[in-house]
Amino acid sequence: MNAPPDSPDRTAFGPDLAEVFGPGHSDGGPELVQLLTPEGERVHHPEFDLDFSAEQLRGFYRDMVLVRRLDVEATALQRHGELGIWAQLLGQEAAQIGCGRAVRPQDFVFPTYREHGVAWCRGLDPLKMLGLFRGCDHGDWDPAEHNFGLYTIVIGAQTLHATGYAMGMQRDGVVGTGDPDRDAAVVAHFGDGASSQGDVNEAFIFAASYNAPVVFFCQNNQWAISEPIERQSRIPLYQRALGFGFPGVRVDGNDVLATYAVTQAALQRARDGQGPTFVEAYTYRMGAHTTTDDPTRYRLSDDVESWKLKDPIARVEVYLRRNGLVDDAFLAEVAAEADELGHTLREGCKALPDPKPSAMFAHVYAEETDELRVQREGNEAYLASFEGSH
Amino acid sequence: MNAPPDSPDRTAFGPDLAEVFGPGHSDGGPELVQLLTPEGERVHHPEFDLDFSAEQLRGFYRDMVLVRRLDVEATALQRHGELGIWAQLLGQEAAQIGCGRAVRPQDFVFPTYREHGVAWCRGLDPLKMLGLFRGCDHGDWDPAEHNFGLYTIVIGAQTLHATGYAMGMQRDGVVGTGDPDRDAAVVAHFGDGASSQGDVNEAFIFAASYNAPVVFFCQNNQWAISEPIERQSRIPLYQRALGFGFPGVRVDGNDVLATYAVTQAALQRARDGQGPTFVEAYTYRMGAHTTTDDPTRYRLSDDVESWKLKDPIARVEVYLRRNGLVDDAFLAEVAAEADELGHTLREGCKALPDPKPSAMFAHVYAEETDELRVQREGNEAYLASFEGSH
Amino acid sequence: MATTATTQTQGQTQKITLAKGLNLGLRKAMEDDPKVLLMGEDVGKLGGVFRITDGLQKDFGEDRVIDSPLAESGIVGTAVGMAMRGYRPVVEIQFDGFVYPAYDQIVCQVAKIHYRSKGRVPMPIVIRIPFGGGIGAVEHHSESPEAQFAHTPGLKVVACSNPVDGYWMIQQAIACDDPVIFLEPKRQYHADKAELDESTTPEPLFTSRIVRPGTDLTLLAYGPTVKTAMRAAEAAAGEGRSVEVIDLRTLSPLDMGPVLDSVRRTGRAVVVHEAHVNLGLGSELSARITEECFYSLEAPVLRVGGFDTPYPASRIEEDFLPDLDRVLDAVDRSFEF
Amino acid sequence: MATTATTQTQGQTQKITLAKGLNLGLRKAMEDDPKVLLMGEDVGKLGGVFRITDGLQKDFGEDRVIDSPLAESGIVGTAVGMAMRGYRPVVEIQFDGFVYPAYDQIVCQVAKIHYRSKGRVPMPIVIRIPFGGGIGAVEHHSESPEAQFAHTPGLKVVACSNPVDGYWMIQQAIACDDPVIFLEPKRQYHADKAELDESTTPEPLFTSRIVRPGTDLTLLAYGPTVKTAMRAAEAAAGEGRSVEVIDLRTLSPLDMGPVLDSVRRTGRAVVVHEAHVNLGLGSELSARITEECFYSLEAPVLRVGGFDTPYPASRIEEDFLPDLDRVLDAVDRSFEF
Ligand SMILES: Cc1ncc(C[n+]2csc(CCOP(=O)(O)OP(=O)(O)O)c2C)c(N)n1
Ligand SMILES: Cc1ncc(C[n+]2csc(CCOP(=O)(O)OP(=O)(O)O)c2C)c(N)n1
Ligand SMILES: [Mg+2]
Ligand SMILES: [Mg+2]
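Residues numbered from 1 in each chain as written. Chains lettered and ligands numbered in written order. Predicted model: local features only at pLDDT ≥ 70, side-chain atom pairs only at ≥ 80, totals over all residues. Heavy atoms only, no water.

Participant: How do you make sense of the site of ligand 2 when you look at a structure like this?
Facilitator: Near ligand 2, the surroundings consist of 20 residues, among which Tyr113, Arg114, Ile153 and Gly193 of chain B together with Glu72 of chain D are the closest. Flanking ligand 2 are residues from chains B and D. In this structure, an oxygen atom belonging to ligand 2 sits 2.8 Å away from a main-chain N or O atom of Ala194 of chain B. The side chain of His289 of chain B places a nitrogen or oxygen atom 3.4 Å from an oxygen atom of ligand 2. Considering ligand 2 on its own, with 580 Å² of exposed area, one finds that the protein chains cover 96% of that surface. (Near = heavy atom within 4 Å. Polar contact = N/O pair within 3.5 Å; in protein donor to acceptor, adjacent residues only side chain to side chain. Areas by Shrake-Rupley, 256 points an atom, 1.4 Å probe, with all protein chains shown as cover.)

Participant: Can you help me understand unusual backbone geometry in this one?
Facilitator: With the exception of glycine, most residues fall at negative phi, and the peptide bonds are largely trans. For the peptide bond that leads from Ser252 of chain C to Pro253 of chain C, omega is -5 degrees, which places it in the cis range. Of note, Ile225 of chain A is a non-glycine position whose phi angle comes to about 45 degrees, a positive value. Within the secondary structure layout, Ile225 of chain A lies in the loop between β4 (223-224) and β5 (227-228). In this model, His140 of chain C sits at a positive phi of 75 degrees, which is unusual for a non-glycine residue. In this fold, His140 of chain C is placed in the loop between β5 (126-131) and α6 (146-150). Relative accessible area serves as the criterion here: at 2%, His140 of chain C is assigned to the buried category. (Helix = DSSP H or I, 4+ residues; strand = E, 2+ residues; numbered from the N terminus. Buried < 20%, exposed > 50% of the residue type's maximum accessible area, 1.4 Å probe, protein only.)

Participant: Looking at this structure, I do not really get the sheet that holds strand β9 (residues 209-212) of chain C. What am I missing?
Facilitator: All names here are of chain C. One open sheet holds the five strands; their spatial order is β9-β11-β10-β13-β14, and the pairing between them is mixed. The sheet is open, and its two borders are formed by β9 and β14 (302-306), each paired with just one other strand. Averaged over all neighbouring strand pairs, the angle between strand axes comes to 25 degrees, with direction disregarded. Strand direction decides the pairing type here: strand β10 (residues 217-221) and strand β11 (residues 243-247), joined by five bridges, are parallel. In the strand pairing of β11, Thr218 is matched with Glu244. Each of β9, β10, β11 and β13 (269-276) is contacted by helix α8 (residues 225-238), which is oriented at about 170 degrees to β11, the strand it contacts most. (Pairing = 2+ DSSP bridges. Axes fitted to C-alpha atoms, helices over the stretch in contact; angles between N-to-C directions. Contact = heavy atoms within 4.5 Å.)

Participant: Would you explain the packing of aromatic side chains in this entry?
Facilitator: Any pair of aromatic rings gets described here by the distance separating the centres and the angle formed by the planes. In the structure shown here, the tally under the stated rule is 75 aromatic pairs over all chains. Residues Trp86 of chain B and Phe133 of chain B carry aromatic rings whose centres are separated by 4.9 Å and whose planes lie at 70 degrees to one another, so their mutual orientation is edge-to-face. In this pair, Trp86 of chain B is assigned in the loop between α2 (54-79) and α3 (93-102) and Phe133 of chain B in helix α5 (residues 126-134), connecting sequence segments 47 residues apart. The class for Phe133 of chain B is buried, based on a relative accessible area of 5%. Among the aromatic residues, ring-to-ring pairing joins Phe190, Phe204, Phe216, Phe244, Phe246 and Phe278 of chain A together with Phe190, Phe204, Phe216, Phe244, Phe246 and Phe278 of chain B into one connected group. For Lys310 of chain A, the ring lying beneath its charged end belongs to Trp307 of chain A, and the centroid distance is 4.0 Å. If you follow Lys156 of chain D out to its NZ or CZ, it ends over the ring of Phe206 of chain D, 4.5 Å from the centre. (Phe/Tyr/Trp six-rings, centres within 6.5 Å; stacked < 30°, edge-to-face > 60°. Lys NZ or Arg CZ within 6 Å of the ring centre and 35° of its normal.)

Participant: It is not clear to me how the pattern of salt bridges should be interpreted in this structure. Could you clarify?
Facilitator: Applying the stated criterion across every chain yields a total of 102 salt bridges over all chains. Residue Glu139 of chain D pairs with Arg116 of chain C through a salt bridge whose shortest N-O separation is 2.7 Å. Of this pair, Glu139 of chain D sits in the loop between β5 (126-131) and α6 (146-150) while Arg116 of chain C sits in helix α5 (residues 113-116), each in a different chain. Lys227 of chain D serves as the salt-bridge partner of Asp192 of chain D, at 3.0 Å between the closest nitrogen and oxygen. Here Asp192 of chain D is found in the loop between β7 (180-185) and β8 (194-197), whereas its partner Lys227 of chain D is found in helix α8 (residues 225-238), with 35 residues between them in sequence. For Lys227 of chain D, a relative accessible area of 37% corresponds to the partly exposed category. Sharing partners across several salt bridges, the network here consists of Lys128, Asp137 and Asp140 of chain A together with Lys118 and Arg120 of chain D. (Salt bridge = Lys/Arg side-chain N within 4 Å of Asp/Glu carboxyl O.)

Participant: Explain the site of ligand 1 here, please?
Facilitator: Taken together, 20 residues sit near ligand 1, with Tyr113, Arg114, Ile153 and Gly193 of chain A together with Glu72 of chain C positioned nearest. At 2.7 Å, a side-chain N or O of Tyr113 of chain A approaches an oxygen atom of ligand 1. Within the contact set of ligand 1, a nitrogen atom lies 3.2 Å away from a backbone nitrogen or oxygen of Ile155 of chain A. The residue inventory of the shell around ligand 1, partitioned by class, reads ten nonpolar, six polar and four charged. (Nonpolar A, V, L, I, M, F, W, Y, C, P; charged D, E, K, R; others polar.)

Participant: Would you explain the domain arrangement of chain C in this entry?
Facilitator: One frequently used descriptor of interface size is the decrease in accessible area upon assembly of the parts. All names here are of chain C. Split into domains, chain C comes out as domain 1 (2-197) and domain 2 (209-336). Here the C-alpha centroids of domain 1 and domain 2 sit 27 Å apart. With 29 residues of domain 1 at the contact, the number on the domain 2 side is 23 residues. The largest contributions to the domain 1 side of the interface with domain 2 come from Glu146, Ser161 and Arg187, which together make up 20% of the buried area. Taken together, the links from domain 1 to domain 2 amount to four salt bridges. Taken together, the links from domain 1 to domain 2 amount to 13 residue pairs in polar contact (both at pLDDT 80 or more). Secondary structure elements with two or more residues in the side of domain 1 that touches domain 2: α6, β6 (156-159), α7 (163-175) and β7 (180-185). Considering every element that reaches the side of domain 1 that touches domain 2, the biggest residue donor is β6, with four residues. Across the side of domain 1 that touches domain 2, the residue classes break down as 14 nonpolar, nine polar and six charged. (Domains from an automatic or database assignment. Buried area = accessible area lost by both parts, 1.4 Å probe.)

Participant: Can you help me understand the interface of chain C and chain D in this one?
Facilitator: In this assembly, 50 residues from chain C lie in contact with 50 residues from chain D. Between chain C and chain D, the buried area comes to about 4,400 Å², and carbon and sulfur atoms account for 60% of it. Its largest share of buried area at the contact with chain D, chain C owes to His151, Leu279 and Pro310 of chain C, together 17% of the area lost on that side. Taken together, the links from chain C to chain D amount to eight salt bridges. For the salt bridge of Lys112 of chain C with Glu143 of chain D, the shortest nitrogen-to-oxygen distance reads 2.8 Å. Top element by residues in the side of chain C that touches chain D is helix α10 (residues 281-292) of chain C. It accounts for eight residues. In terms of residue class, the side of chain C that touches chain D is made up of 25 nonpolar, 14 polar and eleven charged.

Participant: Help me understand helix α4 (residues 103-110) of chain D, please; the structure alone is not making it clear to me.
Facilitator: The α-helix winds at 3.6 residues per turn, so residues separated by three or four positions along the chain end up facing the same way. Within α4 of chain D, eight of the eight residues are buried, which leaves it mostly tucked inside the rest of the structure. For α4 of chain D, the complete set of buried residues consists of Tyr103, Asp104, Gln105, Ile106, Val107, Cys108, Gln109 and Val110 of chain D.

Participant: What's the story with the relation of the copies chain C and chain D in this structure? I'm lost.
Facilitator: The relation between the two copies of this chain is a rotation about an axis and a shift parallel to it. Overlaying chain C with chain D gives an RMSD of 0.0 Å, the required rotation being 180 degrees about an axis along which the chain moves by 0.0 Å. Both chain copies can therefore be described as sitting about a two-fold axis. Residue by residue, 100% of the interface of chain C is reproduced at the interface of chain D, so both copies engage with the same surface. (Least-squares fit on C-alpha atoms with pLDDT ≥ 70 in both.)

Participant: Mind showing me how you'd approach the coordination of the magnesium ion (ligand 4) here?
Facilitator: For a metal bound by four donors in a tetrahedral arrangement, the ideal donor-metal-donor angle is 109.5 degrees, while six donors in an octahedral arrangement ideally sit at 90 or 180 degrees. Residue and element names in this part refer to chain B. Only Asp192 (OD), Asn221 (OD1) and Trp223 (O) from the protein reach the magnesium ion (ligand 4) as donors, at distances of 2.1 Å. Mapping the donors of the magnesium ion (ligand 4) onto the primary sequence yields the spacing D-x28-N-x1-W. Note that Asp192 is positioned in the loop between β2 (186-191) and α8 (198-210) and Trp223 in strand β4 (residues 223-224), a separation of 31 residues in sequence. Residue classification places Trp223 among the buried residues on the basis of a relative accessible area of 12%. (Donors = N, O, S within 2.8 Å, 3.2 Å for Na, K, Ca; no water.)

Participant: What should I look at first to understand the interface of chain D and chain B in this one?
Facilitator: Across the boundary between the two partners, chain D contributes 40 residues, which contact 42 residues of chain B. With both sides pooled, the region where chain D packs onto chain B buries about 3,400 Å², and carbon together with sulfur makes up 59% of that total. A per-residue breakdown of the area chain D buries against chain B is headed by Leu70, Arg315 and Ile316 of chain D, which together make up 22% of the total. At the surface where chain D touches chain B, the tally comes to two salt bridges. With its nearest N and O atoms 3.2 Å apart, the salt bridge here joins Asp354 of chain B to Arg315 of chain D. Along the contact surface separating chain D from chain B lie 14 residue pairs in polar contact (both at pLDDT 80 or more). Listing elements by their share of the side of chain D that touches chain B, those giving two or more residues are α11 (317-320) and α12 (324-336) of chain D. A total of three residues in the side of chain D that touches chain B trace back to one element, the largest contributor, which is α12 of chain D.

Participant: Is there a simple way to think about α12 of chain D in this case?
Facilitator: An ideal rise of 1.5 Å per residue puts 18 Å on 13 residues; α12 of chain D measures up with 18 Å between its terminal C-alpha atoms. Among all positions of α12 of chain D, only Arg326, Val327, Leu328, Ala330, Val331 and Ser334 of chain D are buried. (Expected span 1.5 Å × (residues − 1).)

In structure tokens form, the structure reads like this:
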């Protein structure tokens, strides 16, 4: 029903854009910015090339190995009933570390619910993420301490917060001053599915209208639970930005170098006062949507297999080894560190204290209202009435 | 603060789009599709040219004169206290008649609150529009009778209804069959301001995703109450569509020929099953936003003066006269018809019956609920209790 | 377009969960009327995150079971357009907390179009919302938004509480020419089974039902709290108190007849819902009961509900939600008057 | 950025309308705290469609008085981000009926961020909404959405009713560290003038106020209905009935102290609001008053409000809105018990 038949009128409006750009190429298409191929080969890009130090590269590797371990442990903890649910990042390590490491301390990051790798780069104790998915709280970190917002579950909502925050930075005079320690920008994370929300598109409009220093960082992991990207957009997502008047770029989200380079450039553009950029990190959700999801109901294992060949960690390891930038000792050290992290997380998670029931009454308002005091005290008295009997 | 400084990084993302396309050119820019210049000269366009019969041209002229009269009368009626408010279309006659006449009977139109000219083309009694703005009801026409939806005041909401309606047409098998009497499409009207609403952008996404037969017809009249178009978009609006994967075109909305031609082509594309098109009718709101607005607070009379030179009716009249397609008798006849219409509207408006208070209880649901029956009867008894005393 | 589907569910008696009841009911409605469409996020191949639409896209095709882009306003807004074209869309909102992006379309359009058009444009839309807490979820997955809809004229709001009602009520809601907000207690989806006999005739949709007769106090509940109320009534019986339980089923319009009859007999009423007490359904029920039964009341109508805090982290949600003991506590308090 | 503005309003006594009171209050708040920003549609050069922000962009610059793109969710959502950055945004929603596109941001974000963050992220946002009917407008321009916000924990909801309160309450709302839905009775903007003495100390924001003492019945009102209530009390006095009128001012939290005191004295209460009766503020007040004053009540709490229909066409809106006679009718009915 939906297939456009041939028609002479078409030319009046130019060619069919969806046909020109095609639906998502599984390889990301010719516009994909890449610096490290899936085979671990360093390639160069006319616009976004960067020199990386060996230390930086080892750092990326270590980051990715550790956040993958974090993710694997959390998934296991959920299976053991220690977490209510877990949103896996498996396969998206490069997108998150590349972006997370490009951010400077003075920048501010707005995550969704899956940015554990970015949180890691912002110095969050991973136990805080576990606490949230365990159901202890809605996020126990101080956004101002890490310049990292709370996880936001209503998809897309945070893109507007990011834009407003960036507008605040403009008013604080920390945009376009030329001082690298002062100029700041915002990163707004969201997914391919979220790109369909009105809020996200309104964020584009506000950011464009006010030229706000915000990088819209979309991890296109090809799926929104069971819906493929084609349901949200018939042309490559990064091109969405063009219609709003700011640039978009598609980067290989499984390539930590390219993601870093593109994010850094976009952030610099924002800090310089040149406004928003849309970065589409083209990647793949290797796991389920969350631990409650069953992707075998809606996608082919073939696809998953083909994306395994593009693993973000493997290609860095190959590159590091091939160029003699790591030795077995380093790799073993990182592996040990990962084991250690796993241990810490397992023990730490189980030891997370349950909140007290009265915690539910705290922080509804800056100061407790009389109404709530009465409810809290009533509930305390009520609970106390059982103390003897139970 | 918001001016982007020069920076070497810019090239990485390509040139600044807002700079390339520029902010709204007052003449609509080189991309403007035009068939009749403000001076009344017939020009040709490589894609959108059409032959118009003399009768068609005279019809456009007559339509525009009459809807302008309708508008002028309604404005006067509001000044005399006969209407609560009136949303003027002054200056937008060509956009509305060009679009309205391109629509076929089987197509369906979703208006905003200003499409009196389109309503005219759909055969609505103008008194219905007056009744709405008088406060007699929220619209007293049958959408199914005219294939013309009710006025929608929450800006943008109707663009989603239009998209859903178009999806219904797809399911009814009246799209892309090749039968000109059967194939149908939808027109969704909205303004430049409304283009910032999440709903409108979601409508683009749904229409693109399902390839729905809908023409998004945006009358960019340069203003959203006091806000200039630049607040909503820094690049020409029609380009918004490109990022969603369907074509956009900017047409001279003060040129009834071009508007007709472009709308017709876009509708044909939709009816053929080729999906949505965005038509930006570049025009100008010559009047106030509504009769309660005072545009002198926010815009220069110079701008208004310069747009007067682009009057949509004057150019058609010049063309018709110059080419001998009308004589004085015809023009006098149209003028007389307009006077007649004015008279009918004035008398008709004043004679519109006030609704009965009990009308407020009607049609809340398909069948009256017990709850409402009790409220209605209670109110009737209450009102009856005054009958003796007053 | 695929409009035929072969299923043999007619005339059988089977044990079903609420999830199954809804699934069967949707299937039946789609078989009976080709204008019925399902729309929502993940309702297709996945069958929805709760599998309520399981198998329906396979049998009725992609044109009738439509996976939507991720935009709730878009889903409801396009459903409005479909309804204008003569379809009967059934929208699934994935979780209660995600209905709010569609709130504008629901309260300004869905609720008002029939009125605005003087009855010329019917709006037979069903908006299905899995609601309520108790499933150990993260934020926004456990809300009870019924009052936010019931306050809006033009909408009808119902809540099912058991598998058999799920089966019938969803079909009745789809057959209703008005827009219906259809609340499904997600905690109950797979909890209990009940016998479905399709040969019986269901009660009308907009009626409340006495689910346990009693003489001393009236307990009003709906959706997930009906079970709690039943257990409380049982426990109270052990203490010699005869508690009548009414499953309200319809929240707008309210079916006050059985409620007022009951309270006139018992003289006492307690309302139980998971929604916040402040301006929850309990406040309206209290106000109306007091207006109508002023001289019959032995005690004020008491309300047990979620506290007036945002829904808390799941580790303490059971302290937030009304449970057996809190209902019994309210029953006790009622008798103290 | 322009942050200085010179105005000499200090220490004077002047006769002002509600519109002027709000305008002066906003100006004062902006002078006092450079973090205060105004955002909304047409708030700049135009000064808003009701001219409440008249002259403020001229004096405080475009960076502090921000004309927004036409997207309410975007306005509130970016305000949230501004608040996170340390600003105190004051958002203007153009008309009550246009707040719903922002409903998701308001109830899921604005209301919950302080809670979600365990108090680490304050949300000092004021959302100003001209509300209520009676201005002869087309659809969506006359709504009373207060219950839809008051039901949501984390939000505070207030309504001003007169010029002097407008002046003080807007400043107090801006100074408040919680998000405040600030309702302005648009019908009153230019209706009456009152004497503003800036040297007085205002009562705290979240308090109700007895605006006319009485002994026989308590009339509860807020926003536009305070005036109606006062006129009704006057008329009732002519019939020998002493009616106490309370201007609630705060709708969430409710300030029940003065209300309960009053009803314990009078034994009768009538609530008046323009919002639909069903699940309106009246239902909550009725429930609470009955719970707390059960033995003092001579009659059930009665409610006078907009009917449970969508807001009707303006030619008959005065029949929809509670007026003097309907309030008196309810007073009569209360005395019939
Ligand atoms: C407004 C809203 N609607 C629905 C959901 C339920 N939901 C959670 S995640 C998700 C899919 C999001 O897909 P995408 O944006 O691609 O992000 P990903 O999960 O792939 O990282 C959905 C539908 C939600 N969280 N918020
Ligand atoms: C959701 C919503 N917000 C605000 C308004 C108030 N409003 C009515 S018309 C208007 C301006 C619309 O501008 P535009 O879309 O350009 O259409 P125009 O009036 O110029 O035809 C505004 C803000 C509204 N009707 N709906
Ligand atoms: Mg995704
Ligand atoms: Mg406009």
